[in-house]
Amino acid sequence: MTAPYDYDIIIIGGGPVGMALALALRNSGTSVLLLEARGLPEKTEDSRPLALSHGSRIILEYLGVWKALPDITPITTIHISNRGGFGRTVLTADNMGVPALGYVMNHHDVFRCMHEALQHSGADYLTGAQVTRLKTSARIGQIEFQHAELTKKATAKLLVVADGGRLTAQIEGVTQHVHDYQQWAVVARIKSEHAANMPSTASEKASMKRGAVARPSKTARSAGKEFQRLGGGVAYERFTPDGPVALLPSGEDFALVWTVSPSAAQEILALDDAAFLVRLHDHFGDRLGKFIKAGKRSGFPLALKYTTPITACRIALVGNAAQTLHPVAGQGFNLGLRDAWELAEEIIASPTETGTPAMLARYRHKRRVDSGAGRLFTDSLVKLFSNDYPVLGSVRSIGLSALDCLPQAKRFVARRMMFGARG
Ligand SMILES: Cc1cc2nc3c(=O)[nH]c(=O)nc-3n(C[C@H](O)[C@H](O)[C@H](O)COP(=O)(O)OP(=O)(O)OC[C@H]3O[C@@H](n4cnc5c(N)ncnc54)[C@H](O)[C@@H]3O)c2cc1C
């Protein structure tokens, strides 16, 4: 750290969005201090999958992180259906003329690769550094943080709050809005009978012909036909009255994000593997055959949280601190990355204006449509699809069928999933 700890920018929170901003600003000539409360390297295991858009891939490539990421599975098809209704729609990368509609990876891999990139970048990056106070004046932002059992202070022209929303109550002039969905997401890695049994290589196919490998069951074979017709890399999003359930392709397996009530989440997390797999199959249906193996399960409470405005005197909010969304549409980190990217662009375009009201107004303006639309899209999906009103059930079915018949509408939805509101 540079004494007396005075920087152009201090980023509070080294989650994936705070780290993305620090990476975007390296080599920009601005001095940056990034503070992360967790004492890394500690075990950063986080079982949640991340579905990232094509637009996010481009940003991660630019940040020099993409190539280091292991186990990326492209999504070539998104299959959306409505349990108990007739509607369904299929979005494909082919129709969009792109190699993939998105990419599935592990949250902890993204975190680890960014952490390593920062360590090699020579950035002022402190872990085990918890910010306890922040205050600002017209000319400067000041913070106090705990590090190595000492209380330290630092100042900057701009404080970027990337802490997931934990310090928002301390920021004057902003309001945090919270809506508890009364839902949890249960996540786990899942193997399905179909995906596990489908031969993928020529030699596996030959073994199956010779009978050296067990043939899949009849149910799995018919489910498998659809899988093969769609060409693999299929993400399934199934809406049910209790909430959406997503199975994202992850190598040979699926990454499950299953939305349930808080009490059901506790039950599901407590089940043994066999009972859990049966319950999931009962809920999701037979499209992928039986589920035959489950990895470690974790649960996340779900709420919509957003802050207005996303700037205050000498302060800008990014990522979950600006908006925390339901994972149904896989938008949260994608939006957060764009927050970081566009804030970095503002800082780099006119470094002398860093933290000034004019610069903060430009950042606010740039993010208004993208963030607002992402929030509205996600929140509407949750509300429209997580209930059992019969009238809405028909509307959902008709809507999905109509979408399936309208290529232009499909392209509209797919572009927004890939690039955000300005897609
Ligand atoms: C089940 C689930 C599935 C999801 N799936 C997807 C998906 O498919 N696609 C997608 O785009 N998004 C998805 N998301 C959302 C995504 O995980 C988040 O949007 C993203 O992780 C937000 O990153 P962040 O850096 O803004 O915040 P966080 O990850 O919350 O990081 C904040 C960091 O700040 C640190 N911190 C907190 N307080 C302080 C302090 N006082 N001082 C210093 N440091 C502090 C914390 O330790 C933490 O590391 C999903 C979320 C869930 C729950």
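Keep in mind the model is a prediction, meaning the values are calculated, not measured.

**Here we look at the overall build of the protein**
Working step 1: The number of helices and strands found in the protein is 13 helices and 20 strands.
Working step 2: When burial is assessed residue by residue, the protein has 53% of its 423 residues classed as buried.
Working step 3: By sequence separation, contacts in the protein at least 24 residues apart represent 72% of the contacts at least 6 residues apart.
Working step 4: For the protein, the accessible area works out to roughly 19,000 Å², and carbon and sulfur atoms hold 54% of it.

**Focus: the site of the ligand**
Working step 1: Taken together, 33 residues lie around the ligand, and Glu-36, Arg-48, Ala-51, Asn-320 and Phe-333 are the ones closest in.
Working step 2: For the ligand, an oxygen atom lies 2.7 Å from a polar atom in the side chain of Glu-36.
Working step 3: A distance of 3.3 Å separates an oxygen atom of the ligand from a polar backbone atom of Gly-330.
Working step 4: The fraction of the free accessible surface of the ligand (1,000 Å²) that becomes covered by protein chains is 92%.
Working step 5: Listed by contribution, the elements that provide at least two residues to the shell around the ligand are helix 1 (16–25), strand 2 (32–36), strand 3 (49–53), strand 9 (129–136), strand 12 (175–192) and helix 10 (332–349).

**Quick look at the sheet that holds strand 4 (residues 73–75)**
In a beta sheet, neighbouring strands are held together by backbone hydrogen bonds and run either parallel or antiparallel to one another.
Working step 1: The three strands are arranged 3-7-4 in an open sheet whose pairing can be described as antiparallel. For this open sheet the edge positions go to strand 3 and strand 4, each flanked by a neighbour on one side alone. Adjacent strand axes in the sheet meet at a mean angle of 30° when their direction is disregarded.
Working step 2: Inspection of the sheet shows strand 4 paired to strand 7 (residues 102–106) by three bridges, in the antiparallel sense. In the sheet register, Ile-75 faces strand 7, and the bridge partner there is Gly-102.

**A short note on unusual backbone geometry**
Comment: phi is negative for the bulk of residues other than glycine, and the bulk of peptide bonds are trans.
Working step 1: In this model, Thr-308 is joined to Pro-309 through a cis peptide bond whose omega is -15°.
Working step 2: By the element assignment, Pro-309 lies in the loop between strand 17 (298–308) and strand 18 (311–312).
Working step 3: Unlike most non-glycine residues, Asn-27 shows phi in positive territory, near 65°.
Working step 4: The class of Asn-27 is exposed, set by a relative accessible area of 80%.
Working step 5: Backbone geometry at Gln-182 places phi at a positive 55°, although glycine is not the residue there.

**Some remarks on the environment of Asp-286**
Working step 1: Take Asp-286: it is sitting in the loop between helix 9 (273–284) and strand 16 (291–294).
Working step 2: Given the relative accessible area of 34%, Asp-286 is considered partly exposed.
Working step 3: Considered as a pair, Asp-286 and His-194 are 92 residues apart in the sequence and their alpha carbons are 9.9 Å apart.
Working step 4: Of note is the side chain of Asp-286, whose polar atom sits 2.6 Å from the side chain of His-281.

**Details of helix 1**
Working step 1: Counting buried residues in helix 1 gives 10 out of 10 residues, a clear majority hidden from the surface.
Working step 2: Inspection of helix 1 places Pro-16, Val-17, Gly-18, Met-19, Ala-20, Leu-21, Ala-22, Leu-23, Ala-24 and Leu-25 among the buried residues, and these make up the whole buried set.
Working step 3: In this structure, the buried residues of helix 1 make contact with strand 1 (6–12), strand 2, helix 4 (107–119), strand 8 (124–127), strand 11 (150–161) and helix 10.
Working step 4: Positioned one or two residues after helix 1, Asn-27 has a phi angle of 65°, which is positive.

**Notes on the pattern of salt bridges**
Working step 1: Summed over all chains, the structure comprises 17 salt bridges.
Working step 2: One salt bridge in this structure joins Arg-112 and Glu-116, with 3.7 Å as the shortest N-O distance. On the criterion of helical spacing, the pair formed by Arg-112 and Glu-116 is a turn pair, its members being four residues apart in helix 4.
Working step 3: We classify Arg-112 as partly exposed; its relative accessible area is 32%.
Working step 4: Here Glu-116 falls in the partly exposed class, since its relative accessible area comes to 35%.
Working step 5: Salt-bridge contacts for Glu-346 lead to Lys-366; the nearest nitrogen and oxygen are separated by 3.5 Å. In this pair, Glu-346 is assigned in helix 10 and Lys-366 in helix 11 (residues 357–385), connecting sequence segments 20 residues apart.
Working step 6: On the basis of relative accessibility, which here comes to 24%, the residue Lys-366 falls in the partly exposed class.

**Section: the nonpolar core**
Working step 1: In this structure, Ile-10 and Ile-143 are the most contacted members of the largest nonpolar core, which totals 69 residues.
Working step 2: For this core, the element with the most residues is helix 1, which contributes eight residues.
Working step 3: Counting 27 residues, the second largest nonpolar core, distinct from the first, contains Tyr-181, Ala-246, Ala-255 and Tyr-306.

**Details of the confidence of the model for the protein**
Working step 1: When pLDDT is averaged along the protein, the result is 84, and 79% of the positions lie at 70 or above.
Working step 2: Predicted confidence is poor over residues 196–217, with pLDDT under 50, and the contacts of this stretch with residues over four places away or in other chains come to 23 contacts.

**So, the packing of helix 1 against helix 4**
Working step 1: The interhelical angle for the contact between helix 1 and helix 4, taken along N-to-C directions, is 35°, at an axis separation of 10 Å. As for how helix 1 packs across helix 4, the hand of that crossing is left-handed. Here helix 1 contributes Pro-16, Met-19, Ala-20, Ala-22 and Leu-23 to the contact with helix 4, which in turn contributes His-107, Phe-111, Met-114, His-115, Ala-117 and Leu-118.
Working step 2: Broken down by class, the residue content of the contact of helix 1 with helix 4 amounts to nine nonpolar, two polar and no charged.

Calculation notes
- Residues numbered from 1 in each chain as written.
- Predicted model: local features only at pLDDT ≥ 70, side-chain atom pairs only at ≥ 80, totals over all residues.
- Heavy atoms only, no water.
- Helix = DSSP H or I, 4+ residues; strand = E, 2+ residues; numbered from the N terminus.
- Buried < 20%, exposed > 50% of the residue type's maximum accessible area, 1.4 Å probe, protein only.
- Contact = heavy atoms within 4.5 Å.
- Areas by Shrake-Rupley, 256 points an atom, 1.4 Å probe, with all protein chains shown as cover.
- Near = heavy atom within 4 Å.
- Polar contact = N/O pair within 3.5 Å; in protein donor to acceptor, adjacent residues only side chain to side chain.
- Pairing = 2+ DSSP bridges.
- Axes fitted to C-alpha atoms, helices over the stretch in contact; angles between N-to-C directions.
- Salt bridge = Lys/Arg side-chain N within 4 Å of Asp/Glu carboxyl O.
- Core = buried A, V, L, I, M, F, W, Y, C linked by side-chain atoms within 4.5 Å.
- pLDDT = per-residue confidence, 0-100.
- Left-handed = near helix turned anticlockwise from the far one by under 90°.
- Nonpolar A, V, L, I, M, F, W, Y, C, P; charged D, E, K, R; others polar.

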